[in-house]
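# Report on the structure
These are the residues of each chain, in order.
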Amino acid sequence: QVQLVESGGGLVQPGGSLRLSCAASGFMSNINSMGWYRQAPGKNRDVVARITNGGITNYADSVKGRFTIAREKNTVYLQMNSLKPEDTAVYYCNARRDGNYPDMNYWGKGTLVTVTL
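My aim in this report is to walk through the structure given alongside it, one point at a time. (Residues numbered from 1 in each chain as written. Predicted model: local features only at pLDDT ≥ 70, side-chain atom pairs only at ≥ 80, totals over all residues. Heavy atoms only, no water.)

### Focus on the overall build of the protein chain
The criterion, for reference: Put simply, DSSP H or I for four residues or longer makes a helix, DSSP E for two residues or longer makes a strand, and each gets a number counted from the N terminus. Atoms counted for the radius of gyration: C-alpha only. Globule rule: 2.2 Å times the number of residues to the power 0.38. Residue burial is assigned from relative accessible area. The probe radius is 1.4 Å, only protein chains are included, and a residue is buried under 20% of its type maximum, exposed over 50%, and partly exposed in between. Throughout, the Shrake-Rupley method with a 1.4 Å probe supplies accessible areas, and for residues the shown protein chains are the sole cover considered. Counted as positive: Lys and Arg. Counted as negative: Asp and Glu. His and the chain ends are not counted at all. A charge is said to be at NZ when it belongs to Lys, at CZ for Arg, at CG for Asp and at CD for Glu.
What the protein chain contains, in helices and strands, is zero helices and eleven strands. Ordered by position from N to C terminus, the α and β elements of the protein chain give β-β-β-β-β-β-β-β-β-β-β. Its C-alpha atoms give the protein chain a radius of gyration of 14 Å, within 12% of the compact-globule value 13 Å for 117 residues. Its C-alpha atoms give the protein chain principal-axis dimensions of roughly 45 × 25 × 20 Å. For the protein chain, the proportion of its 117 residues judged to be buried stands at 38%. Of the roughly 6400 Å² that the protein chain leaves accessible, carbon and sulfur atoms contribute 48%. Separation between the mean location of the 13 positive side-chain charges and that of the 8 negative ones in the protein chain comes to 2 Å.

Below is the structure:
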């Protein structure tokens, strides 16, 4: 089992910045990638950014150039700059073993990011 605890959400004005953190604990040996997803009210949960154990990153088009994902040991970060109102969502941390391993796919409880004047 893997436990994920997010922190760093909050209220920010457009153009501002936030940094989210996700601390992972438990049996991480089978995990080979971590990432951030977000879900706005009435919408699906979508990927924001992912990072592999080897440091390969990928981003949703909507956040490229504004968000940066990084990982240090078992903590993954999401630096969010130039925030827009449309970035408002609950942000979820994910850890998984890539491939067809549904039993190795873990989620945090989420942290709310609100971008508004």
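Next comes the rest of the write-up.
### Comments concerning the pattern of salt bridges
Heads up, the condition is: Between Lys or Arg on one side and Asp or Glu on the other, a salt bridge is scored when a side-chain nitrogen of the former is within 4 Å of a carboxyl oxygen of the latter.
Under the counting rule described, the total for this entry stands at four salt bridges. Between D87 and R38 there is a salt bridge, with its nearest N and O atoms 2.9 Å apart. Pair noted here: D87 is in the loop between β8 (75–80) and β9 (89–96) and R38 is in strand β4 (residues 33–39), with a separation of 49 residues, a long-range link. No difference in accessibility class separates D87 from R38, as the two residues are buried. With its nearest N and O atoms 3.1 Å apart, the salt bridge here joins K64 to D61.

### Considerations on the side chain of S33
We apply this condition: Any N or O atom pair separated by 3.5 Å or less is treated as a polar contact, with the protein-specific requirement of one donor-capable and one acceptor-capable atom, and with residues adjacent in sequence counted only for side-chain atom pairs. When checking whether two residues touch, look at their non-hydrogen atoms; a contact exists if any pair is within 4.5 Å.
Structurally, S33 can be placed in strand β4. Owing to a relative accessible area of 1%, S33 belongs among the buried residues under this scheme. For S33, the side chain forms a polar contact with the side chain of R50, separated by 2.7 Å. Those residues in contact with S33, other than ones at most four positions away along the chain, are R50, I51, T52, N53, N94, A95, R96 and D98.

### Quick look at unusual backbone geometry
One non-glycine residue, K73, lies in positive phi territory at about 55°. Mapped onto the elements, K73 comes out in the loop between β7 (67–72) and β8. Since its relative accessible area comes to 74%, K73 is described here as exposed. In this model, S82 sits at a positive phi of 50°, which is unusual for a non-glycine residue. One can find S82 in the loop between β8 and β9. The exposure class of S82 is partly exposed, given its relative accessible area of 40%.

Spatial relationships are all this shows, so hold off on functional conclusions.
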